[in-house]
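Inside the fold
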Amino acid sequence: MRLFLKFGFIFVLLLLSAASATELWSRHNGLLTLDSSLDDQARQALEQNRPADARIMAEFVLEHPDSGDTQKAQAVADSATAQINSNKRKLHQFAKGAWSGEPDDAASFLGSLSLDLFVIGDIRDLVVQGWKQWKTKDGDEFIMALSAAGLAASLAPEIHWAPSMMKAFKRTGSLSKPFISSLKTTGKQALKTRKFGALSDVLKDFGKAGKKLGPGPFSTVMRNVDSAAELKKISKAASVDPKATYVLATRFGKNGIKRIGKNGANVGRLAKKIRILSRAGKIGKKAFGALPDWLLALMTMLGLGITVWLTRPGQSRKFRESISRIPPPSENAQ
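As a starting point, this report considers the structure included with it. (Residues numbered from 1 in each chain as written. Predicted model: local features only at pLDDT ≥ 70, side-chain atom pairs only at ≥ 80, totals over all residues. Heavy atoms only, no water.)

1. Some details on the overall build of the protein chain
Selection criterion: A run of DSSP states H or I qualifies as a helix once it reaches four residues; a run of E qualifies as a strand once it reaches two. Both are numbered from the N-terminal end. Here's how the labels work: a residue is buried when its accessible area is under 20% of the maximum for its type, exposed when over 50%, partly exposed in between, all with a 1.4 Å probe on protein chains only. In what follows, a contact means two residues having at least one pair of non-hydrogen atoms within 4.5 Å. For every accessible area listed, the method is Shrake-Rupley and the probe measures 1.4 Å; residues are considered covered only by the protein chains on display.
Along the backbone of the protein chain there are 20 helices and two strands. Counting only residues that meet the buried cut, the protein chain has 42% of its 334 residues in that class. Nonlocal contacts in the protein chain, meaning residues at least 24 apart in sequence, comprise 70% of its contacts between residues at least 6 apart. Here the protein chain displays about 18100 Å² of accessible surface, and carbon together with sulfur accounts for 60% of that area.

2. What about unusual backbone geometry?
Phi at N49 takes a positive value of approximately 60 degrees, unusual for a residue other than glycine. Structurally, N49 can be placed in the loop between α2 (38–47) and α3 (51–63).

3. A few points about the side chain of K243
Filter applied, for reference: In protein, a polar contact requires one atom able to donate a hydrogen and another able to accept it; more generally it is a pair of N or O atoms within 3.5 Å, and residues adjacent in sequence count only if both atoms are side-chain atoms.
Along the chain, K243 falls in helix α14 (residues 242–251). Note on K243: relative accessible area 17%, which makes it buried. Among the polar contacts listed, one links the side chain of K243 to the side chain of E63, at a separation of 3.2 Å. Setting aside anything within four residues of it in sequence, one finds K243 in contact with I56, E59, F60 and E63.

4. Remarks on the nonpolar core
A general feature of soluble globular proteins is that nonpolar side chains tend to end up buried together. Quick note on the threshold: The nonpolar core is taken to be a set of buried Ala, Val, Leu, Ile, Met, Phe, Trp, Tyr and Cys residues, with the residues joined through side-chain atoms within 4.5 Å.
With 53 residues, the main nonpolar core has F179, F206, F218, M222 and I234 as its most contacted residues. Each residue touching M222, except ones within four places of it in the same chain, is listed here: F169, S174, L175, S176, F179, F206 and L231.

5. Quick look at a nonpolar patch on the surface
Our working rule: Note on patches: the residues involved have over 30% relative accessible area and no salt bridge, like charges join within 9 Å, and the nonpolar side chains Val, Leu, Ile, Met, Phe, Trp and Tyr join within 5 Å. What counts as a salt bridge is simple: a side-chain nitrogen of Lys or Arg found within 4 Å of a carboxyl oxygen of Asp or Glu.
Among the surface-exposed residues, F9, W294, L298, M301, L302, I306 and W309 lie close enough to one another that they form a single nonpolar patch of about 770 Å² accessible area. It is helix α18 (residues 293–311) that contributes the most residues to the nonpolar patch, six residues altogether. Residue placement: I306 occurs in helix α18.

6. A look at the packing of aromatic side chains
Stated precisely, the cut-off is as follows: Centres within 6.5 Å are what make two rings of Phe, Tyr or Trp a pair, Trp counting through its six-membered ring; a difference in plane orientation under 30 degrees is then read as stacked, over 60 as edge-to-face, and the rest as tilted.
One pass over the full model with this rule turns up three aromatic pairs. Residues F169 and F218 carry aromatic rings whose centres are separated by 5.7 Å and whose planes lie at 55 degrees to one another, so their mutual orientation is tilted. Here the residue F169 occupies a position in helix α9 (residues 162–171), and F218 occupies one in helix α12 (residues 215–222), the gap between them amounting to 49 residues. The burial state of F169 is the same as that of F218; both residues are buried. Members of the aromatic cluster, each reached through a chain of ring pairs, are F169, F206 and F218.

7. Overview of α9
Residue pairs spaced three or four apart in an α-helix point in one direction, given the helix's 3.6 residues per turn. The element α9 is largely enclosed, with a buried count of eight among its 10 residues. Among all positions of α9, only A162, P163, S164, M165, M166, K167, A168 and F169 are buried. In the segment just after α9, G173 is the residue with positive phi, at about 75 degrees.

8. Let's talk about the packing of helix α13 (residues 228–240) against α14
We count it as follows: Helix axes are fitted to C-alpha atoms over the stretch in contact, other axes to C-alpha atoms as well, and angles between N-to-C directions run from 0 to 180 degrees. Each angle is binned into one of four classes, with values under 35 degrees roughly parallel, values over 145 roughly antiparallel, values of 65 to 115 roughly perpendicular, and all other values oblique. Polar here means any residue other than Ala, Val, Leu, Ile, Met, Phe, Trp, Tyr, Cys and Pro, which are nonpolar, and Asp, Glu, Lys and Arg, which are charged; Gly is therefore polar.
One way to put it is that α13 packs onto α14 with a least axis distance of 6 Å and a crossing angle of 140 degrees. Classified by the angle their axes make, α13 and α14 are oblique. In this structure, α13 uses I234, A237, A238 and V240 to contact α14, whose residues at the interface are P242, T245 and A249. Looking at the contact of α13 with α14 residue by residue, the classes come out as six nonpolar, one polar and no charged.

9. Some words on helix α11 (residues 197–213)
Applied cut-off: A helix is expected to span 1.5 Å for every residue after the first.
Along its 17 residues, α11 runs 24 Å from first to last C-alpha, staying within 8% of the 24 Å computed at 1.5 Å per residue. The set of residues buried in α11 consists of L199, S200, V202, L203, D205, F206, G207, A209, G210 and L213. Residue G214 follows α11 closely and has a positive phi angle near 95 degrees.

In structure tokens, the structure reads:
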């Protein structure tokens, strides 16, 4: 009985050590795990009237069957494509984009840029925000810098709309606060020196990524991008595999972007590491997922250390002696 208790205790220690070590390893080098299949998340995006997001996720599942059910994904992809190609929806989305300035697909994006595509929007924003800055000092320097860049910076013809898209993303809350803060610094410097080279580089990366991912999916991705360096990684990765880039940046957030290489070339290899958690894996994720790295490492080392200490030569006798001092259950009851 005592020997059974000892081995049971050692088993628990080894189990905790293995679980914490697995979680630590998976965060930095191992598999990218999903709590639910991507076809379910694609269906949810479709129900939320985000067919472009739904289609890109569903198509990823079709290319990577380990991330979801391919039959369900195909059904979602077909439904999403039908919605995107519907002329009625295109007209509705164009009007919505022109009215609200909130792009979530190509049609609504064109609507939101109906003025900016003809330079009128950039001039309008410069005048409005410049007046506010001169009058009350509360002009939006971010918008002013983008408008000035749209007029002054030399962007490739195929991405000349990038400043307008970035302004639209800011209006709809699709840009993270750290990204806006970093761009404000770059924008202030550009406005002060009239040199838009650094801002132009950011806009080029923004435009290239937006072109590959599409306005709706790209707006979802940008919520997790915090700096120009991360945007450059997204831009390069999207040119390699836009679907994998979308999934990594949206389903895995900061961790997914962090694991993308500087040149984006490893995005395909990362996509192959995506798996759906088993029932046991989900339990382990809930138990250990919120723990910091240092605590996981400490649990691993302590578990292994105590196991080695308990199994070293001569320890079995000492363990039996210590257990023998514990009163039997009947004595405790009395």
